[in-house]
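# Summary of the model geometry
Letter by letter, the chains look like this.
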Amino acid sequence: MTATQTTPQQRRGRVGRPFAGRSLNEIGLIAAIVVLYVVLGSTAAGFLSLDNQLGMLRDAATVGIAAWGVTLVIIAGEIDISIGPAVAFSSVLVAKGAAEWGLGIGPAILLTLAAGAAWGALAGWLRARFDVPSFIATLGIWSALGGLGLYLTDALPVVLPESGLMNTLGGSILGIPTPAIIMVVLFFVFAYVARYTGYGRSVYAVGGNAPAARMAGINLARVRVLLFATTGLLSAITGVLLAARLGSGNGGAASGLEFDVIAAVVIGGTALAGGRGTMLGTLLGVGFITVISNGLVLLGVNSFLQNVVRGVIIVAAVLVNVVITKRARATRET
Amino acid sequence: MAADVASGSTVIVVDGVTKHYPGVRALTDAHLSIRAGEIRALLGRNGAGKSTLIRVLSGVERPDAGTVTVAGEAFGDGGVRRAAELGINTVHQELSLVAELSVAENLYLGRWPRRGGAVDYATMRAGAADVFGRLGLDIDPDAPVGSLSLASRQLVEICRAVREQPRLLILDEPTSALAAAEVDVVLETVTRIASAGVAVLYVSHRLEEIRRISHSATVMRDGRIVDTVDVGDADTGTIVSLMLGDTARAAERPPERNVDRDGTPLLSVRGLAVPPKVLDVSFDLHAGEVLGIGGLMGSGRTEVLRALAGFDPAAHGTISVEGREIAHPSAAVMKRLGIGMTPEDRKDEGVVPLLGVDENLVLSKFSTVSSGPTVRPGRVRKAAERLIERLSIATASARTPIVNLSGGNQQKAVIGRWLHAGSRILLLDEPTRGVDVQAKAEIYRLVRELADGGAAIVFVSGELEELPLVCDRVLTLREGRVAAELTGADLTTDSVLSAAMAA
């Protein structure tokens, strides 16, 4: 028997290591954000002001908190499109609970969070138990919660009673917007979950090769229910923070937020086909989207045209990402 | 050669195991025993009962009768968990790795070690390094599996089984998807595993491999174990005849057809190479001829056809149609030149299940059933009905969804699609896979009729024994090259199988 068993193929496997394409994507996003800062800093008046930077952090939280959960959902090969209406309905629920049902602010928040986890779990259960495609299960939630939020309020804002807790949630701690602090804390929690828990690794395994995951004894149903319960909970958190900031619950708020969230995740390099993605990528994706949205407003671009520009930029960003990944894979395989 | 294993204790004893499925004697009265440190090869044609035996041993199927004993303990009614408990580990043919996870994580898939609740990468990495070290493999535990070569992935798969310290390791054709150069590492690894005292049951069709790593081979046929032979002594002919039995060998070859091989060949291939599977393939194909291409799984059969149909670019070599060399063979160009290919995976690549037979038939060319841009349903129906009659496709009506048809009739429709397009060169990849015996005979007849009508046909099959029944000439591929060309009296079931398997 020979002493060494290395084949050229194995050595190449070693060199082609770990997904040059992925870190390239993250470096590319950082570069893009830096370029945006330089360009906007010199063209858009007030872009670099402290107020605007803190405002951006606050905006980023609206997208980011839900995006952490949706990243895991997409890595698992699923999708959740219910975020916008779920956030709006949550803001209504917490306002109604505190203002009209006499629950007090703390219990109203807890009720909202529990409800969020529950409707998420329902979507996950439909997916896991009956093989309802997650797009459809969450489309149902999207439609139902959107309708329910408007029905309960007659499309009118429900004013929150004055409370210190809500003022803090909607305001700042040591000058930093509270939602941004919560977003950052949750980011570290989710980055840890994704990388260092059996659940997190199971998510990658299920998205990468579901039959292999099942053969390895991973409980697919449990993973799927948990995934959607998590995004439901995160939507509820975002809804509570939104209500705190606006001082009211609003059934028509956060419209279209689900697409910003999915765009941020995909721009961050998470594959819609599942199996691949990182929290850091999503963080950068959230940053990218937030900076562009903010810049377009400051530049005074017509608000209808803003959507056009955003659409083009989002597709272009994902296109670059796809090309990079493909090239990295091709070099790896030849 | 494997080490002397006469001294090893008996690890597994299979005694009179029988498993019947409705209408099929999948496994009848099987007896088998393997010692620690022994590598036992398991040989047999498709459907000989190898898979059923493996499924019983790995606990997926429970036998109807008979017992399995592992290291003196009864297997009982155990199931998969009991098999794992007793130390039986199986590496199946389909790879079950997650490409995006690291090598170490795949070795521990779903059973990741924890420390303080967190996944313990250090322990995993050390465990992986330990297994690789023992087997002398140089694989980076941190590399994502997706970045590894196919051979390395296969090794990771084997190492995952080894990590669980099996007594019996079952390997189901671990080298079938690998190129020749990669096979060595796998074989050496298997030898090392066995020399550590593990019993190995090794399913393969490649006699050369078997001779290198094992002493003895158990041969199965029609659900029975026919013999266990010393592979050193038995020549290829003996083993092949054990595998085939009398009935398969006696199958009648149809009368010789007259093929005019004097003119310009319709299709001419020189030095075709699509690495790593196809290295050097040349042949001529004349109008009216049925050329068989046979070979074991992984010998490059499908890859040759895909290159000829323009789906995959060839790295080297030339393809000429009617004497004219095709500079840039693309799928569109090849279709225009009259080449049509039917895929081996009928369900996923052949039929559009919910469309009618008629629409499936005309899919290859709409212009003849349209006026201007408008498809004319009347013409579609007429064209479809003509083909249905010509190919004797059994269907309730032309509009019946094709998924309602039997496999054999679906296959005829997929072939008919290229007749509709007017193709003269038909590349048929495993056209009889998964169809019943009667449908097979009908497809053979249809293929020969089409050739009588002037079509040139390449008939690819992994069921080597069927090639003499339908082909005028057969090339056997081995490791990406033409190993033998058989025609006339030399073209027999034995000769084809021997040429494909021989060292």
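Please read these numbers as outputs of a predicted model, since none were measured by experiment. (Residues numbered from 1 in each chain as written. Chains lettered and ligands numbered in written order. Predicted model: local features only at pLDDT ≥ 70, side-chain atom pairs only at ≥ 80, totals over all residues.)

## Focus: the overall build of chain A
A count of helices and strands for chain A gives 14 helices and 4 strands. The C-alpha radius of gyration of chain A comes to 21 Å, within 12% of the 20 Å expected for a compact globule of 334 residues. Evaluated residue by residue, chain A yields a buried proportion of 50% over its 334 residues. Put simply, 80% of the contacts in chain A that link residues at least 6 apart link residues at least 24 apart. (Helix = DSSP H or I, 4+ residues; strand = E, 2+ residues; numbered from the N terminus. Rg over C-alpha atoms; globule rule 2.2 N^0.38 Å. Buried ≥ 20, exposed ≤ 12 C-beta atoms within 10 Å, placed from the backbone. Contact = placed C-beta atoms within 7 Å.)

## Describing the overall build of chain B
Secondary structure assignment for chain B yields 17 helices and 24 strands. For chain B, the C-alpha radius of gyration of 25 Å lies close to 23 Å, the compact-globule estimate for 503 residues. Projected onto the principal axes, the alpha-carbon positions of chain B cover approximately 70 × 55 × 45 Å. Burial analysis of chain B (503 residues in total) assigns 50% to the buried set. Restricting the contact set of chain B to residue pairs at least 6 apart, pairs at least 24 apart contribute 69%.

## Let's talk about the nonpolar core
Core analysis: the biggest nonpolar cluster contains 244 residues, and Val200(B) and Ile457(B) have the highest contact counts within it. Here this core gets 15 residues from one element, more than from any other, and that element is helix α11 (residues 220–246) of chain A. Looking at which domains feed residues into this core, each of domain 1 (10–250) and domain 2 (267–338 + 424–501) of chain B supplies at least three. When residues no more than four places from it in sequence are discounted, the contact partners of Ile457(B) are Val290(B), Leu291(B), Leu426(B), Leu428(B), Val447(B), Leu450(B) and Ala451(B). (Core = buried A, V, L, I, M, F, W, Y, C linked by C-beta atoms within 7 Å. Domains from an automatic or database assignment.)

## Comments concerning helix α4 (residues 121–135) of chain B
Residues and elements named next belong to chain B. A rise of 1.5 Å per residue sets the reference length of α4, with its 15 residues, at 21 Å; its end C-alpha atoms lie 21 Å apart and thus fit the reference within 8%. Of all the positions in α4, only Met-124, Ala-128, Val-131, Phe-132 and Leu-135 are classed as buried. Taken down its axis, α4 places every buried residue within 95° of arc, on the same side. Facing away from the buried surface of α4 by more than 90 degrees, the exposed residues are Ala-122, Asp-130 and Gly-133. Backbone geometry just after α4 places Gly-136 at a positive phi near 65°. (Expected span 1.5 Å × (residues − 1). Arc of directions from axis to C-beta.)

## A closer look at the sheet that holds strand β6 (residues 88–91) of chain B
All names here are of chain B. Read across the sheet, 6 strands follow the order β6-β9-β10-β3-β11-β12 without closing on themselves; strand pairing throughout is mixed. The open sheet has two free edges, formed respectively by β6 and β12 (224–230), since each of these has just one partner strand. Direction aside, neighbouring strands of the sheet carry axes that sit 20° apart on average. For β6 and strand β9 (residues 168–172), the ladder comprises 4 bridges, and the chain directions are parallel. (Pairing = 2+ DSSP bridges. Axes fitted to C-alpha atoms, helices over the stretch in contact; angles between N-to-C directions.)

## What to know about the pairing of strand β16 (residues 316–321) of chain B
Residues and elements named next belong to chain B. Pairing between strand β13 (residues 267–274) and β16: 5 bridges, direction antiparallel. Residue pairing in the sheet places Leu-267 in a bridge with Val-321 of β16. Linking β16 back to strand β17 (residues 324–325) in an antiparallel pair, the connection comprises 2 residues, with Glu-322 at a positive phi of about 50°.

## Describing helix α4 (residues 83–99) of chain A
In this model α4(A) runs 24 Å from its N-terminal to its C-terminal C-alpha over 17 residues, within 8% of the 24 Å that 1.5 Å per residue would give. Buried residues dominate α4(A), accounting for 16 of its 17 residues.

## Observations concerning the confidence of the model for chain B
For chain B, per-residue confidence averages 89 on the pLDDT scale, and residues scoring 70 or more make up 97% of the total. Mean pLDDT across the elements of chain B ranges from a minimum in helix α8 (residues 236–250) of chain B, with 78, to a maximum in strand β21 (residues 425–429) of chain B, with 96. (pLDDT = per-residue confidence, 0-100.)

## A word on the domain arrangement of chain B
All names here are of chain B. Per the domain assignment, the segments of chain B are domain 1 (10–250) and domain 2 (267–338 + 424–501). The gap between the C-alpha centroids of domain 1 and domain 2 is 32 Å. In this complex, domain 1 contributes 17 residues to the contact, which on the side of domain 2 involves 13 residues. Per-element tally for the side of domain 1 that touches domain 2: the top contributor is α8, with 7 residues. Per-class residue counts for the side of domain 1 that touches domain 2 are 8 nonpolar, 6 polar and 3 charged. (Nonpolar A, V, L, I, M, F, W, Y, C, P; charged D, E, K, R; others polar.)

## Observations regarding unusual backbone geometry
Omega for the bond connecting Pro275(B) with Pro276(B) falls within 30 degrees of zero, at 0°, which places this linkage in the cis form. Here Pro276(B) lies in the loop between β13 and β14 (278–285). Positioned with a positive phi, Leu174(A) is a non-glycine residue whose angle comes to about 50°. Tracing the sequence through the fold places Leu174(A) in the loop between β2 (172–173) and β3 (176–177). Not every positive phi belongs to a glycine, and Ala71(B) is a case in point at roughly 45°. Along the polypeptide, Ala71(B) turns up in the loop between β4 (65–70) and β5 (73–74). Among the residues examined, Ala71(B) registers 15 C-beta atoms within 10 Å and is labelled partly exposed.

## Side note on the packing of α4(A) against helix α12 (residues 257–267) of chain A
Residue and element names in this part refer to chain A. Close contact between α4 and α12 brings their axes to 6 Å; oriented N to C, the two are set at 125°. Put simply, α4 runs oblique to α12. The segment α4 lies against α12, with Ile-83, Gly-84 and Val-87 engaging Leu-257, Glu-258 and Val-261. Here the residues of the contact of α4 with α12 are counted per class, giving 4 nonpolar, 1 polar and 1 charged. (Parallel < 35°, antiparallel > 145°, perpendicular 65-115°, else oblique.)

## Describing the pairing of β12(B)
All names here are of chain B. Pairing geometry for strand β11 (residues 216–221) and β12, over 6 bridges, is antiparallel. From the neighbouring strand, Thr-218 faces β12, where its bridge partner is Thr-228. Following β11, the chain reverses through 2 residues before pairing antiparallel with β12; Asp-222 in that reversal takes a positive phi of roughly 50°.

## What about the environment of Asp429(B)?
Residue and element names in this part refer to chain B. Mapped onto the secondary structure, Asp-429 falls in strand β21. C-alpha separation for the pair Asp-429 and Gly-350, spaced 79 residues apart in sequence, amounts to 11 Å. Apart from residues lying up to four places away in sequence, Asp-429 is in contact with Thr-302, Leu-305, Met-341, Thr-342, Pro-343, Glu-344 and Val-460.

## Overview of the confidence of the model for chain A
For chain A, per-residue confidence averages 89 on the pLDDT scale, and residues scoring 70 or more make up 92% of the total. Taken as a whole, residues 1–21 of chain A scores under 50 in pLDDT and shows 45 contacts with residues more than four places along the chain or in a different chain.

## Some remarks on the packing of helix α3 (residues 50–75) of chain A against helix α8 (residues 178–196) of chain A
All names here are of chain A. Packing of α3 against α8 leaves a shortest axis separation of 8 Å and a crossing angle of 20°. When the axis of α3 is compared with that of α8, the two are roughly parallel. The crossing of α3 and α8 is left-handed. Where α3 approaches α8, its residues Leu-57, Arg-58, Ala-60, Ala-61, Gly-64, Ile-65, Trp-68 and Leu-72 are matched on the opposing element by Pro-179, Ala-180, Ile-182, Met-183, Leu-186, Phe-187, Phe-190 and Ala-194. Its residues assigned to classes, the contact of α3 with α8 shows 14 nonpolar, 1 polar and 1 charged. (Left-handed = near helix turned anticlockwise from the far one by under 90°.)

## Details of the environment of Met166(A)
All names here are of chain A. Residue position: Met-166 is located in helix α7 (residues 164–170). Assessed through the 23 C-beta atoms surrounding it within 10 Å, Met-166 is described here as buried. Separated by 106 residues in the primary sequence, Met-166 and Ala-60 place their C-alpha atoms 19 Å from one another. Ignoring anything within four residues of it in the chain, the contact list for Met-166 reads Ile-105, Leu-160 and Ala-244.

## A look at the environment of Asn302(A)
Tracing the backbone shows Asn302(A) in the loop between α13 (279–298) and α14 (303–333). It is 34 Å that separates the C-alpha atoms of Asn302(A) and Val73(A), two residues lying 229 residues apart in sequence.

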